[in-house]
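Chain and residue survey
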Amino acid sequence: MSVTIYHNPECGTSRNTLAMIRQSGVEPEIIAYLTAPPTRAVVEKMIADAGLSVREVLRQKDTPYDQLGLADAARTDAELLDAIGQHPILLNRPFVVTPLGTRLCRPSEVVLDILENPDIGPFTKEDGEVVIDAEGRRIR
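**Points about unusual backbone geometry**
With an omega of 0 degrees, the peptide bond running from Arg-93 to Pro-94 counts as cis. Within the fold, Pro-94 resides in the loop between α3 (77-86) and β3 (95-98). For the bond running from Arg-106 to Pro-107, omega is 5 degrees, close enough to zero to count as cis. Following the sequence through the fold, Pro-107 ends up in the loop between β4 (101-104) and β5 (123-124). In this structure, Asp-62 takes a positive phi of about 55 degrees despite not being glycine. For Asp-62, the position within the fold is in the loop between α2 (40-49) and α3.

Shown next, in the form of C-alpha cells:
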C-alpha cells in the first residue's frame, strides 16, 4: 500500500501517526512539509479529498496566524492558501494520503481509518494515552 505522510518530526501527533503507519507494516513516503512544502495544487487536493475547508486545516498555535490576520472571516480561501504557501507551518499536520483516503490525522488515530491493515496490535501514544489495548480493541 502506498502511504504518504506530510510530517513534522517536532510534532507529537505527527510522530504518533507515523508510528501507527509503521506498526501497520507500511513504510510510508515521508514528506517533511516544512522544508519541502507541497504545491498549492497538492494542498488543495488534500483538503478537498479530506472533506475539509481551507479554514479547517489552518494551524493557529505557534504560527503567524494572528500576525497575518487570518482569523478575519472576510479572508478568502485563495488568501488563506497564499498564506499557507508562504508559511507552510500554517498547514496543520499530519496529513496522510493512502489509496483508501486522505485525512488530517488529528487525533493521530484517525490514520487507522485509511490504513489497509488497521489491526496494528496494542498502541500507546508518546504521552501514555492508550489507543489500542492489549486485546486489540480501539479505545475511543
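Now that the structure is up, let's keep going.
**Points about the pairing of β4**
In terms of strand pairing, β3 meets β4 through 4 bridges, oriented antiparallel. By the bridge assignment for β4, Val-97 is matched with Thr-102. Here β3 hands over to β4 after 2 residues, the two strands then running antiparallel side by side.

**Some details on the pattern of salt bridges**
Applying the stated criterion across every chain yields a total of 9 salt bridges. Here Arg-137 makes a salt bridge to Glu-135, at a shortest N to O gap of 3.1 Å. Using a relative accessible area of 56% as the deciding quantity, one classes Glu-135 as exposed. It is possible to trace a salt-bridge network through shared partners that takes in Glu-109, Lys-125 and Glu-129.

What counts and what doesn't
Counting restarts for each chain, with residues numbered from 1 along the sequence as it is written. Thresholds applied to this predicted model are a pLDDT of at least 70 for local features of residues and 80 or more for the giving and counting of side-chain atom pairs; totals over whole chains, interfaces and linings are not thresholded and use all residues. Note that water and hydrogens are dropped before the side-chain values are worked out from all heavy atoms of the structure. Here a helix means four or more residues in a row that DSSP labels H or I, a strand means two or more in a row labelled E, and each is numbered from the N terminus. Only strands that DSSP links by at least two bridges are regarded as paired with each other. By definition here, a salt bridge exists when the distance from a side-chain nitrogen of Lys or Arg to a carboxyl oxygen of Asp or Glu is within 4 Å. The cut-offs for exposure are 20% and 50% of the maximum accessible area for each residue type, with area from a 1.4 Å probe on protein chains only; residues under the lower value are buried, those over the upper are exposed, and the others partly exposed.

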